[in-house]
Amino acid sequence: MIEPLLPTAACASPAGGRPEKHHRRDIVDAIRYVTDNGVKWRALPVDFPPCKTVYGFFARWRENGTVEIMRDALREQVRQQAGRRPRPTAAAIDAQSVRAAETVGDSTRGYDAGKKVNGRKRHIAVDTMGLLLVVMVTAANLQDRPAGRPLLSLLHRAHHRVRHIWADGGYTGTLLTWAKTTLGITVEIVKKLAEQTGFVPLHRRWVVERTFAWISQARRNTRDYERLPEHSEAFINWAMITMMSRRLTRPQTRAPTP
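Residue positions are given per chain, counted from 1 along the sequence in the order it is written. A pLDDT threshold of at least 70 governs which residues receive local features in this predicted model, and a stricter bar of 80 or more applies before side-chain atom pairs are shown or counted, although totals over entire chains, interfaces and linings include all residues. Here the side-chain values reflect all heavy atoms present in the structure, with hydrogen atoms and water set aside.

For the chain, the name recorded in an unreviewed UniProt entry is IS5 family transposase, with Allosaccharopolyspora coralli as its organism.

Spelled out as structure tokens, the structure:
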């Protein structure tokens, strides 16, 4: 399912090149192993290709957009399997602050005073099923409102059919007017209930919160260990790729015959 979405090997291109020594399946499995178990690259078991080779493919596929291609193609298949249209017209956005490891430099980290977290912040947009559309990683001190513009711009470029977005109170203010006039997107703020105490699933907002839980099931994403924010985004995408590919290959239960 994933193999057709990967770029053509150099040896198979018209220009020619040296054949790849390791099978693509082993490379993909190694990247998914790092994502799911959270190990260091050098701690890859010997059953996998060398860590430098695996990291090289990880970085190359991140740079040439292969990871986003896989994510988007699998998401469309999951939506079709659920009886939805391949491309969404509505989305939900939110942000999550996570602690950063010592490998994260001062230039790409910050302190979120509201959450009391020193690290980075993940800004994501998901469809109504909670499947990832776009992700943007910044320093944790960047507030949701100023981060909303680049996030919505990124979403609009990648998914121009999206016209309605649900968000929490952190995105109120001029962002709503800017999104409507500049991008033609309506941002609806879903507020907490008046007498809410404890955990209450809020309309539409619970979907994006569930996505954060899915992402955090991969141990590499429980904290931010990456020197580059782009690599943090790539591991979040790989976590969703793993989840969606498993969902697509899961045996479908059939209704009992009357």
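Alright, that's what it looks like, and here's the rest.
Draft legend 1. Region of interest: the nonpolar core. We call a set of buried residues a nonpolar core when its members are Ala, Val, Leu, Ile, Met, Phe, Trp, Tyr or Cys and they connect through side-chain atoms within 4.5 Å of each other. Type-normalised accessible area, obtained with a 1.4 Å probe on protein chains alone, sets the label of each residue: buried when under 20%, exposed when over 50%, and partly exposed for intermediate values. Ranked by internal contacts, the top residues of the largest apolar core, which has 44 residues, are W41, W61, I124, W238 and M240. Secondary structure elements are defined from DSSP: runs of H or I of at least 4 residues count as helices, runs of E of at least 2 residues count as strands, and each element is numbered from the N terminus. Secondary structure elements with two or more residues in this core: α1 (24-37), α2 (51-63), α3 (66-81), β1 (90-99), β3 (117-126), β4 (132-139), α6 (205-216) and α7 (229-249). Of all hydrophobic cores here, the second largest spans 22 residues; its members include A91, M136, A167 and W178.

Draft legend 2. Looking closely at the side chain of R71. Locating R71 in the fold gives a position in helix α3. Separated by 2.9 Å, the side chain of R71 and the backbone oxygen of L133 make a polar contact. We call two residues in contact when some of their heavy atoms are within 4.5 Å. When sequence neighbours within four positions are dropped, the list of residues in contact with R71 reads L132, L133, V134, N237, I241 and M244. Under this definition, polar contacts are N or O atom pairs within 3.5 Å; protein pairs additionally need one hydrogen-donor-capable and one acceptor-capable atom, and for neighbouring residues in sequence, both atoms have to be side-chain atoms.

Draft legend 3. Spotlight on the environment of L152. Residue placement: L152 occurs in helix α4 (residues 144-158). Residue contacts for L152: discarding those within four places in its chain leaves I93, I165, L175, W178, A179, L183 and V187.

Draft legend 4. Quick look at the packing of α1 against α7. Direction vectors running N to C along α1 and α7 enclose 110°, while the axes themselves pass 10 Å from each other. Here α1 lies roughly perpendicular to α7, going by the angle between them. For α1 against α7, the interelement crossing comes out left-handed. Here V28, I31, R32, V34 and T35 of α1 lie close against α7, whose contacting residues are F235, W238, A239, T242, S245 and R246. Counted by class, the contact of α1 with α7 contains 6 nonpolar, 3 polar and 2 charged residues. Throughout, an axis means a line fitted to C-alpha atoms (over the contacting stretch in the case of helices), and angles, computed between N-to-C directions, take values from 0 to 180 degrees. These descriptions rest on fixed angle ranges, namely under 35 degrees for roughly parallel, over 145 for roughly antiparallel, 65 to 115 for roughly perpendicular, and the rest for oblique. In this scheme, a crossing is called left-handed if the near helix is turned counterclockwise away from the far one by less than a right angle; it is called right-handed if the turn is clockwise. Throughout this entry, Asp, Glu, Lys and Arg are counted as charged residues, while Ala, Val, Leu, Ile, Met, Phe, Trp, Tyr, Cys and Pro are counted as nonpolar. The remaining residues, Gly among them, count as polar.

Draft legend 5. Here's a closer look at the confidence of the model for the chain. Summing up the model confidence of the chain, the mean pLDDT is 91 and the portion of residues at 70 or higher is 90%. Predictor confidence is given residue by residue as pLDDT, running from a minimum of 0 to a maximum of 100. By mean pLDDT, α6 is the weakest element of the chain at 92, and β4 is the strongest at 98.

Draft legend 6. Expanded view of the packing of aromatic side chains. Two aromatic rings, drawn from Phe, Tyr or Trp (for Trp, its six-membered ring), form a pair once their centres lie within 6.5 Å of each other, and the interplanar angle then sorts them: stacked below 30 degrees, edge-to-face above 60, tilted otherwise. All told, the structure shown has 7 aromatic pairs when counted by the stated rule. Aromatic pair W41 and Y55: ring centres 5.4 Å apart, planes at 75°, arrangement edge-to-face. Taken together, the positions of W41 in the loop between α1 and α2 and Y55 in helix α2 put the pair 14 residues apart, joining distant regions of the chain. On the basis of relative accessible area, Y55 is assigned to the partly exposed category, the value being 34%. Sitting above the plane of the F57 ring, R60 keeps its charged end 4.7 Å from the centroid. Any Lys NZ or Arg CZ found within 6 Å of a ring centre and within 35 degrees of that ring's normal is scored as a charge over the ring.

Draft legend 7. Expanded view of the side chain of T211. Mapped onto the secondary structure, T211 falls in helix α6. Within polar-contact distance, the side chain of T211 engages the backbone oxygen of V207 at 3.1 Å. The contact partners of T211, leaving out residues within four places of it in the chain, are I124, V126, G130 and M240.

Draft legend 8. Just the packing of α4 against helix α5 (residues 174-183), in detail. Relative to each other, α4 and α5 sit at 25°, their axes nearing to 10 Å. Compared by their axis directions, α4 and α5 come out roughly parallel. Seen from above, α4 lies across α5 with right-handed handedness. For the pair α4 and α5, the contacting residues are R145, G148, R149, L152, S153 and H156 in the first and T174, L175, W178, A179 and L183 in the second. Across the contact of α4 with α5, the residue classes break down as 5 nonpolar, 4 polar and 2 charged.

Draft legend 9. Up close: the pattern of salt bridges. Every case where a carboxyl oxygen of Asp or Glu lies within 4 Å of a side-chain nitrogen of Lys or Arg is listed as a salt bridge. One pass over the structure, following the stated rule, counts 10 salt bridges. For D127, the salt bridge is made with R79, and the minimal N-O distance between the two is 2.9 Å. Of the two residues, D127 sits in the loop between β3 and β4 while R79 sits in helix α3, which places them 48 residues apart along the sequence. Given a relative accessible area of 1%, D127 falls into the buried group. The class for R79 is buried, based on a relative accessible area of 5%. When salt bridges that share partners are traced, they join R71, D72 and R75 into one network.

Draft legend 10. Quick peek at the pairing of β1. For β1, the tally of buried residues reaches 9 of 10 residues, placing the bulk of the element in the interior. We call two strands paired when DSSP finds no fewer than two bridges between them. Here β1 pairs with strand β5 (residues 164-167) via 3 bridges, running parallel. Bridge assignment links A91 to a residue of β5, and that residue is I165. Here β1 runs beside β3; their pairing, made up of 8 bridges, is antiparallel. Each residue of the ladder has a partner; that of S97, found in β3, is K121.

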